[in-house]
Amino acid sequence: MTTTPAPAPPRAATTTGPAIELAGITRHFGTGSKLVRAVDGIDLTIGRGEIVALLGPNGAGKTTTLDMLLGLSTPDTGQVQVLGSPARRAVASGRIAAVLQTGGLLPDLTVAETVQVIAGLHGAKPRIDDVMQLAGLTDIARRRVGKCSGGEQQRVKFALALLPDPDVLVLDEPTAGMDVKARRRFWNTMRESADAGRTVVFATHYLEEAEQFARRTVVMDRGRIVADGETAHLRAALGGRTVSATVPDTDARSTIADELRRAGADEVRVDGTRLTARTTASDELAAQLLAAGATDLEITAPTLESAFTDLTED
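Residues numbered from 1 in each chain as written. Predicted model: local features only at pLDDT ≥ 70, side-chain atom pairs only at ≥ 80, totals over all residues. Heavy atoms only, no water.

The name recorded for the chain in an unreviewed UniProt entry is ABC transporter ATP-binding protein, from Agrococcus casei LMG 22410. As recorded by UniProt, the Subcellular location (unreviewed entry) comment attached to the chain reads in full: "Cell membrane". (UniProt positions renumbered as here; feature names shortened; annotations may be inferred.)

Dropping the structure here:
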């Protein structure tokens, strides 16, 4: 869904500076004992062409942050800049667009008619065919929107967001209702968009989506950013890898387990002949286990889910 009903004026050909700048933004609701600090002082800079996942539990402040980024609300304090302009100006010029969970489509129009109407508002009729193809809507162009599945309607919203050819795309649970094939195609399109210079910011509850498709992950909790970094580094920084092997020799198994505990390794367990430990020195432990006659060696990298849980739990 796009966030502007007006035709987009010509865009300035600026290519320098960050795509998004949030400086000291806060957003509070209520007063006194009922005061809710939905966003409690956020500083965030996102460069052009980045794919950034915004993660956090319910109530973390993700949606409130996205609303301010889209000019749907204003921060109590701080400043929001999109491509060097205030958020609402960027929205009005078509330089930022969004696919949101909220907001409906007219059920009696066909998919093609829906895209054509919004294209007319943006002066973007020459882009209709390309957008329909990118969103995977060509085969269902004559279907009424009310007959489309939830995932198909998300693809229609995606097409509408692409019509003004925005520099920044904001996605709130964009693949909700899509099947696996449609989700994979959607994210392949997002990768191509980022490679071409478009900035993509998405909030999701699918941690595997952030792990597979986001080059950078920002984790929010209680209105604040609690982690921000490359997705792979964020995942790896929280606890190393889990090493597991079958060690038939009882003495060797006990000796290695004791050494790991003294060295401060996490989650050292012995289940029968199976030894498991989480360590940042996985290669060294694997070599030690193999030298002790271990079999069925497994080394597992930490998941983003485990990192997310560690970062947001009390």
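Now, onward.
Student: Quick one: what's the story with a nonpolar patch on the surface, residue by residue and with numbers?
Tutor: A surface patch of nonpolar side chains, about 240 Å² in accessible area, is lined by L290, L297 and I299. Position of L297 relative to the elements: it lies in strand β14 (residues 295–300). (Patch = residues over 30% accessible without salt bridge, like charges linked within 9 Å, V, L, I, M, F, W, Y side chains within 5 Å. Areas by Shrake-Rupley, 256 points an atom, 1.4 Å probe, with all protein chains shown as cover. Salt bridge = Lys/Arg side-chain N within 4 Å of Asp/Glu carboxyl O. Helix = DSSP H or I, 4+ residues; strand = E, 2+ residues; numbered from the N terminus.)

Student: Describe in detail the pattern of salt bridges, supporting the description with residues and values.
Tutor: Across all of its chains, the model carries 15 salt bridges by this definition. Between D165 and R198 there is a salt bridge, with the nearest N and O atoms lying 2.6 Å from each other. On the criterion of sequence distance, the pair formed by D165 in the loop between α5 (150–162) and β7 (168–172) and R198 in the loop between α6 (180–195) and β8 (199–203) is long-range, its members being 33 residues apart. The class for R198 is buried, based on a relative accessible area of 12%. Between E209 and R183 there is a salt bridge; the shortest N-O distance is 3.1 Å. Taken together, the residues span a long stretch of sequence, with E209 in helix α7 (residues 207–213) and R183 in helix α6 at a distance of 26 residues. What makes R183 buried here is its relative accessible area of 16%. One network of salt bridges, with partners in common, ties together E50, R216 and D228. (Buried < 20%, exposed > 50% of the residue type's maximum accessible area, 1.4 Å probe, protein only.)

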